[in-house]
Amino acid sequence: MNKEKFEEKASQQALPVMIEFKDQVFPLLFEKQTPYACLTFSKEAIELNDINPITNKKGKTFGGWIYPDIKRIEFLSVPKNFGVVIGNQGVPNNLGLKIIFKNGNVYGVECEDMNVAPLLIDFLPEHGIEVADRLLDK
């Protein structure tokens, strides 16, 4: 994968991703879709990394976005579509991120693990990024 191809796809539909934050990986195991990439939230930028198809772990970096270029990130609750799942209680949701840049570009990604949301909601304003928490919107 390269950055241009990732951005092209993410501008058209929310891409499944793995998220790494402070050496924690979300999700640890993929339930439905293999992620297109791993987004690593570092001190300086969001790095875009390949996923190693053998280990399903973060691979080499193929690009990234520096925080000063990002205007806002919207956090959304996205229903998972499993079809029929035996023993599933309730409707599990994915975390949707809508990344809005100062130049007008908008990219969508989706992570199967909602547990990273509070960590990122606390972290991003420290880097001048507006956070729109829409997780409880109906």
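Rules behind the numbers
- Residues numbered from 1 in each chain as written.
- Predicted model: local features only at pLDDT ≥ 70, side-chain atom pairs only at ≥ 80, totals over all residues.
- Heavy atoms only, no water.
- Phe/Tyr/Trp six-rings, centres within 6.5 Å; stacked < 30°, edge-to-face > 60°.
- Helix = DSSP H or I, 4+ residues; strand = E, 2+ residues; numbered from the N terminus.
- Buried < 20%, exposed > 50% of the residue type's maximum accessible area, 1.4 Å probe, protein only.
- Core = buried A, V, L, I, M, F, W, Y, C linked by side-chain atoms within 4.5 Å.
- Contact = heavy atoms within 4.5 Å.
- Salt bridge = Lys/Arg side-chain N within 4 Å of Asp/Glu carboxyl O.

Caption draft 1: Region of the structure containing the packing of aromatic side chains. Per the stated rule, a full pass over the model turns up seven aromatic pairs. Ring geometry for phenylalanine 6 and tryptophan 65: centres 6.2 Å apart, planes at 45°, overall tilted. With phenylalanine 6 in helix α1 (residues 3-12) and tryptophan 65 in strand β5 (residues 58-66), the pair connects residues that are 59 residues apart, well separated along the chain. On the basis of relative accessibility, which here comes to 4%, the residue tryptophan 65 falls in the buried class. Connected via pairs of aromatic rings, a cluster forms that spans Phe6, Phe62, Trp65, Phe101 and Tyr107.

Caption draft 2: Structural view of the nonpolar core. With 33 residues, the main nonpolar core has Phe6, Leu39, Phe41, Trp65 and Phe75 as its most contacted residues. Non-local contacts of phenylalanine 41, meaning those with residues more than four positions away in its chain, are made with Ile19, Glu20, Phe21, Ile46, Tyr67, Leu97, Leu120, Phe123 and Leu124.

Caption draft 3: The arrangement of the pattern of salt bridges in detail. Counted by the stated rule, this structure contains four salt bridges. Where glutamate 20 meets lysine 58, a salt bridge forms, and the shortest distance between an N and an O atom there is 2.7 Å. A residue pair is termed long-range when its members are at least 10 positions apart, and glutamate 20 in strand β1 (residues 15-21) and lysine 58 in strand β5 qualify at 38 residues. You can call glutamate 20 buried: its relative accessible area is 13%. Arginine 72 serves as the salt-bridge partner of glutamate 74, at 3.2 Å between the closest nitrogen and oxygen. Given the relative accessible area of 7%, glutamate 74 is considered buried. A single salt-bridge network, built from bridges that share partners, covers Arg72, Glu74 and Arg134.

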